[in-house]
Amino acid sequence: GTMLFNSIAIIQVGQALGVRSNSESFFSYTFKGNRTLMILISIIFILQICVLYIPQIRPFFNAVPLNLLDWIISLASGFAMIIILEIIKKKLYGKL
C-alpha cells in the first residue's frame, strides 16, 4: 500500500511537470518558468516524507518507511509518466 501511495504521488508530480506545455518538450524548458508549481512540488515531497518517516503520522495513512530501492522505483514511475507524455505530444504535435 505504501509503495502505491508514494508512486501515485510521484506520478502526479511527473504529470504536472510533463503537461506544463502541450506542445513543447519537458526537456526544452527550465524550471524557473513556474515558481508556484515548483513550490507545490516541493511541498508534496515534504509531505510525502512526513507521512512516511514521522512515526506519529504513519498510522493515519497505514504507511511504512520506504527504502532506497522503493524510492528509486517511485521516482522512475514519475519519470516514466513524463516520457509517456512526451511520446503523446510528439504524436499530436509532431515536434519536440
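Residues numbered from 1 in each chain as written. Predicted model: local features only at pLDDT ≥ 70, side-chain atom pairs only at ≥ 80, totals over all residues. Heavy atoms only, no water.

*Asks:* I'm lost on the overall build of the protein chain in this one. Help?
*Replies:* Of the regular secondary structure elements, the protein chain holds four helices and zero strands. Ordered by position from N to C terminus, the α and β elements of the protein chain give α-α-α-α. Out of the 96 residues in the protein chain, the part that is buried amounts to 29%. Counted over contacts in the protein chain with a minimum sequence separation of 6, partners at least 24 positions apart contribute 63%. Carbon and sulfur atoms make up 71% of the accessible area of the protein chain, which amounts to about 6300 Å² in all. (Helix = DSSP H or I, 4+ residues; strand = E, 2+ residues; numbered from the N terminus. Buried < 20%, exposed > 50% of the residue type's maximum accessible area, 1.4 Å probe, protein only. Contact = heavy atoms within 4.5 Å. Areas by Shrake-Rupley, 256 points an atom, 1.4 Å probe, with all protein chains shown as cover.)

*Asks:* How should the pattern of salt bridges be read in this particular structure?
*Replies:* Two side chains carrying opposite charge are able to pair once their charged atoms lie near each other. A full pass over the atoms with the stated rule returns one salt bridge. As a salt-bridge pair, glutamate 86 and lysine 89 come within 3.1 Å of each other at their nearest N and O atoms. One end of the pair, glutamate 86, and the other, lysine 89, are both in helix 4 (residues 68-93), three residues apart, so they sit about a helical turn from each other. Of the two residues, glutamate 86 and lysine 89, both sit in the buried class. (Salt bridge = Lys/Arg side-chain N within 4 Å of Asp/Glu carboxyl O.)

*Asks:* What am I meant to see in the packing of helix 1 (residues 2-18) against helix 2 (residues 35-53) here?
*Replies:* Geometry of a packed helix pair, given as the angle between the helix axes and the separation of the axes. At a closest axis distance of 11 Å, the pairing of helix 1 and helix 2 adopts a crossing angle of 175°. Here helix 1 lies roughly antiparallel to helix 2, going by the angle between them. Within the contact between the two elements, helix 1 uses Thr2, Phe5, Asn6, Ala9, Ile10, Val13, Ala16 and Leu17 and helix 2 uses Leu37, Met38, Ile41, Ile44, Phe45, Gln48, Val51 and Leu52. Here the residues of the contact of helix 1 with helix 2 are counted per class, giving 13 nonpolar, three polar and no charged. (Axes fitted to C-alpha atoms, helices over the stretch in contact; angles between N-to-C directions. Parallel < 35°, antiparallel > 145°, perpendicular 65-115°, else oblique. Nonpolar A, V, L, I, M, F, W, Y, C, P; charged D, E, K, R; others polar.)

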